[in-house]
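This is what each chain is made of:
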Amino acid sequence: MKKFSASSIAFKLWMHSALILSAGIFVCSLFAEPSLTIIVLFVSLLATIVGGVPAYFALQAFLPFINKIRFFSTRWLLFLIMLLFTIAVAYAVTGAFITDNPFAEYGFFQSFFAAAGFYFAGLFAAILIAFFINLKCIKNYFSPNKNTHTMYENSMQAAAQPGANSFANKIWIKAITTAGLILLMLIPTVFVSNLVEERQARQEEVKNEVSGKWAGQQNITFPYLHIPYNVTTQENGKTVVEERSFLILPENLNVNGSVTAEQRKRSIYSVLLYNSALQAKGNFKIGVPEGVDASTINWTNSKICFGISDFKGIQQKVIVNVNNESYDLSAGLPTNEIDTTGLSSPIHLSADNLGKEVSFEFPLKIKGSGQLHFVPLAGNSEFSITSNWNSPSFDGNTLPAERTLDNKGFEASWSFNKANLPFNTIAKDFNFKKNDYAFGVSLLQPTDQYAKTMRCVKYALLFIGLTFSLFFIVEIMQKKPFHPVQYVLVGLALIVFYTLLLSISEFLQFDFAYLQASIATVLLITLYAKGHFKNWKVASVFAGAIGSIYGFIFVLIRLEDTALLVGSIGLFCILALAMYASRKINWYGASVPANATI
């Protein structure tokens, strides 16, 4: 049989790895950018061939070295796989530095390591496939001829346990292969993550569609007065009269309201909406800011204004009662110093009101979705909100001074005064960014199945790694090898768990969906283990262990702040159990003499 050279082996591994990797990139592009698949195929093929040149030279240089040391050790196959592993790591780290440099201005080590792990999984998978394709040629290259066999025959016979090295080699090779398969099975989790994000985006699209027809988030500014005045200046000998304005904010403001939440179905999605009934009371103290001549004020053009972010949320005529006079507000504002959208109405004021208090009442029924915010534009203000929704998020610039929350809903109150607000109630050239001072509540849907599913996908390495490790230990203890194809099938079962979880949770609560998906996956893997090991006792070990893993991950998903602590303790306990279970495994495959020295 023709003897292969190091150059030919390196060339075969180089070409096959490049073809397999470019094929994988091509398949990924079918899901991401179908219109560019042909371009991606040619570009990726060219890039992988050119980029693999350093790997070709590295293989050509190290293969003869491994071929020499095989006469002193039968672990040449292990050394070769370690060389391929090192090459994959080098390329993965280099690629991660190019795409996610952690030392760049906005670089993060977390994204760098994530990118490196992703690149390594794809590269090492392609290299392993190329390795198994060319395994016959590789064995041919490393097979000894008669002369070299005679030269090193004595050194090979000097091994105390001839069968031990072979068994140890198999374990090492199987361990490295299993580790590679664990990384390989992380690739489908990327597609699962994309699927979760796609479904979440679809949910947001439905929410925005319904909210657009109902009303969106509301940001409300309660009444303030817009007072115009004239300023006379001289320009080029001519008298120019310019109209300016100042604002009068309420001296006192008290707002009470109730928010009634309701959920409406659209397709398989539930959209959270609300109706609110608000009652505002307060008073203005009419005055003139410093630097303004009271005689120049145009009282007849004074207006009372009200800010709202979405007009569709107004459910009835907006009428404000000022000094026992009712004013019907209509769309449009005389100034955008505070609000860009809102309503206003002319109001009857005169110089006689200077120094006096003007009271007002303002009932308002408004609807919206997601968020209800207010702006505390008053010298002293109090806000009190009640609701039937028991999952609020108090957000904005200020948290409530008092709040109560139970299964029936919540109550919350806020209070402000002149000492903690950076403006006066009478001001001209009012430079104010209301979003910096807005506060309120967001109504949350507590069962966000997509966020929980995404958290679950992030534990994929733990799922797959622990399950594969269990199979690896059991197959050694039972002496019934588990083929790499069987590992892939088990890994696919673990991946399908996520699609089951995602699809079922769109119809049922997440907890029930998790229970059903995990039971189905545990039963499938348990029955598969029973079929391979032909032992119900061993199968029950798989059922208990994998079921415990799913239960452990479920606890981590439910936890928030203590997830890291509980997860670390849990992993420590799992490692301790693995060490205890494998303590009697003879990793060398043969007994060690009592007088042997290490």
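Residues numbered from 1 in each chain as written. Predicted model: local features only at pLDDT ≥ 70, side-chain atom pairs only at ≥ 80, totals over all residues. Heavy atoms only, no water.

Caption draft 1: Quick peek at the overall build of the chain. Of regular secondary structure, the chain possesses 16 helices and 17 strands. Taken over 598 residues, the chain has a buried fraction of 43%. Pairs at least 24 residues apart make up 76% of the contacts formed inside the chain by residues separated by at least 6 positions. For the chain, the exposed surface amounts to about 31700 Å²; the carbon and sulfur share of it is 61%. (Helix = DSSP H or I, 4+ residues; strand = E, 2+ residues; numbered from the N terminus. Buried < 20%, exposed > 50% of the residue type's maximum accessible area, 1.4 Å probe, protein only. Contact = heavy atoms within 4.5 Å. Areas by Shrake-Rupley, 256 points an atom, 1.4 Å probe, with all protein chains shown as cover.)

Caption draft 2: Inspection of the packing of aromatic side chains at higher detail. Applying the stated criterion to the full structure yields 39 aromatic pairs. When the centroid spacing of 5.1 Å and the interplanar angle of 35° are considered together, the rings of Trp14 and Tyr56 count as tilted. Note that Trp14 is positioned in helix H1 (residues 6-32) and Tyr56 in helix H3 (residues 53-69), a separation of 42 residues in sequence. By the burial criterion, Trp14 is buried, and Tyr56 matches it. Judged by centre distance (5.0 Å) and plane angle (90°), the rings of Phe306 and Phe362 are edge-to-face. Taken together, the residues Phe306 in strand S5 (residues 303-307) and Phe362 in strand S10 (residues 357-368) connect sequence positions 56 residues apart. Ring pairing ties together the aromatic residues Phe222, Phe306, Phe362, Phe374, Phe383, Phe394, Phe410, Trp414, Phe416 and Phe439, which thus form one cluster. The ring of Trp214 has Lys367 sitting right over it, with the charged end atom 4.4 Å from the ring centre. (Phe/Tyr/Trp six-rings, centres within 6.5 Å; stacked < 30°, edge-to-face > 60°. Lys NZ or Arg CZ within 6 Å of the ring centre and 35° of its normal.)

Caption draft 3: The packing of helix H12 (residues 460-478) against helix H13 (residues 484-505), seen in detail. Contact pair H12 / H13: the axes reach a minimum separation of 10 Å and the direction vectors enclose 150°. By the criterion of interaxial angle, the relationship of H12 to H13 is roughly antiparallel. Here H12 runs over H13; the crossing is right-handed. Facing H12, whose interface residues are Ala460, Phe463, Ile464, Thr467, Phe468, Phe471, Phe472 and Glu475, H13 presents Tyr487, Val490, Gly491, Leu494, Ile495, Phe497 and Tyr498. Tallied by class, residues from the contact of H12 with H13 come to twelve nonpolar, two polar and one charged. (Axes fitted to C-alpha atoms, helices over the stretch in contact; angles between N-to-C directions. Parallel < 35°, antiparallel > 145°, perpendicular 65-115°, else oblique. Left-handed = near helix turned anticlockwise from the far one by under 90°. Nonpolar A, V, L, I, M, F, W, Y, C, P; charged D, E, K, R; others polar.)

Caption draft 4: Geometry of the sheet that holds strand S14 (residues 402-406). With respect to topology, eight strands assemble into an open sheet ordered S7-S6-S10-S4-S3-S12-S15-S14, the strand pairing being mixed. With partners counted over all chains shown, the strands left at the sheet margins are strand S7 (325-328) and S14, one partner each. If you compare each strand with its neighbour and ignore which way they point, the axes differ by 15° on average. Pairing of strand S3 (residues 252-266) with strand S12 (residues 380-387) involves eight bridges; the strand directions are parallel. Its bridge partner lying in S12, Asn256 is registered against Ser384. Here helix H10 (residues 186-214) sits on the sheet and contacts S3, strand S4 (269-285) and S10; the angle it forms with S4, its principal contact strand, is near 45°. (Pairing = 2+ DSSP bridges.)

Caption draft 5: Main features of the layout of surface pockets. Size it by volume and the largest pocket reaches roughly 1100 Å³. Broken down by element, the lining of the largest pocket gets its largest block of residues, eleven residues, from H1. For the lining of the largest pocket, the residue count by class is 30 nonpolar, eleven polar and no charged. (1 Å grid on protein atoms, 1.4 Å probe; cavity = no way out; pocket = protein on both sides within 12 Å on 5 of 7 lines; lining within 4 Å. Points joined across faces, edges and corners; volume = space filled by probe spheres on them.)

Caption draft 6: The arrangement of the confidence of the model for the chain in detail. For the chain, per-residue confidence averages 82 on the pLDDT scale, and residues scoring 70 or more make up 88% of the total. Ranking the elements of the chain by mean pLDDT puts helix H8 (residues 153-157) last, at 43, and S12 first, at 94. In the model, residues 146-162 has pLDDT below 50 throughout and makes ten contacts with residues more than four positions away in sequence or in other chains. Residue range residues 592-598 is modelled with pLDDT below 50. Its contacts to residues more than four positions away, or to other chains, number zero contacts. (pLDDT = per-residue confidence, 0-100.)

Caption draft 7: Molecular detail of H12. Its 19 residues give H12 an end-to-end C-alpha distance of 27 Å, which sits within 8% of 27 Å, the value for a rise of 1.5 Å per residue. After H12 finishes, the residue Lys479 shows a positive phi value of roughly 60°. (Expected span 1.5 Å × (residues − 1).)

Caption draft 8: Examining the pattern of salt bridges more closely. Applying the stated rule across the entire model yields eleven salt bridges. A salt bridge links Glu205 to Arg202; its shortest N-O distance comes to 3.2 Å. A residue pair is termed a helical-turn pair when its members lie 3 or 4 positions apart in one helix, as Glu205 and Arg202 do in helix H10 at three residues. With a relative accessible area of 47%, Glu205 lands in the partly exposed category. Between Arg244 and Glu242 there is a salt bridge, with the nearest N and O atoms lying 3.3 Å from each other. Glu242 sits in the partly exposed class, given a relative accessible area of 36%. (Salt bridge = Lys/Arg side-chain N within 4 Å of Asp/Glu carboxyl O.)

Caption draft 9: The arrangement of the pairing of strand S17 (residues 439-443) in detail. The element S17 is extensively covered by neighbouring structure, given that five of its five residues are classed as buried. In terms of strand pairing, strand S11 (residues 371-375) meets S17 through four bridges, oriented antiparallel. Looking at S17, one finds that Leu372 is bridged to Val441. By the bridge criterion, five bridges tie strand S13 (residues 392-396) to S17 in an arrangement that is antiparallel. Within S17, the residue paired with Asp395 across the bridge is Gly440.

Caption draft 10: Local environment of the environment of Ser384. By the secondary structure assignment, Ser384 is in strand S12. For the pair Ser384 and Leu278, spaced 106 residues apart in sequence, the C-alpha to C-alpha distance is 9.6 Å. Beyond its immediate sequence surroundings of up to four residues, Ser384 is in contact with Val255, Asn256, Gly257, Ala412 and Ser413.

Caption draft 11: Examining the nonpolar core more closely. One finds Ile220, Phe222, Leu225, Phe374, Phe383 and Leu443 to be the most contacted residues of the largest nonpolar core, which totals 64 residues. Among the elements that make up this core, the one with the highest residue count is strand S1 (residues 218-235) (seven residues). Apart from residues no more than four positions distant in its own chain, Leu443 is found in contact with Val259, Ala261, Leu272, Tyr274, Gly370, Trp389, Ser391 and Phe410. Counting residues in each nonpolar core, the second largest holds 59 residues, with Ile182, Cys456, Ile476 and Ile585 among its members. (Core = buried A, V, L, I, M, F, W, Y, C linked by side-chain atoms within 4.5 Å.)

Caption draft 12: Structural detail: unusual backbone geometry. Unlike most non-glycine residues, Asn323 shows phi in positive territory, near 50°. With respect to the helices and strands, Asn323 occurs in the loop between strand S6 (319-322) and S7. Looking at Asn323, the relative accessible area reads 35%, which means it is partly exposed. If you check the backbone angles, Lys479 has positive phi at about 60° while not being a glycine.

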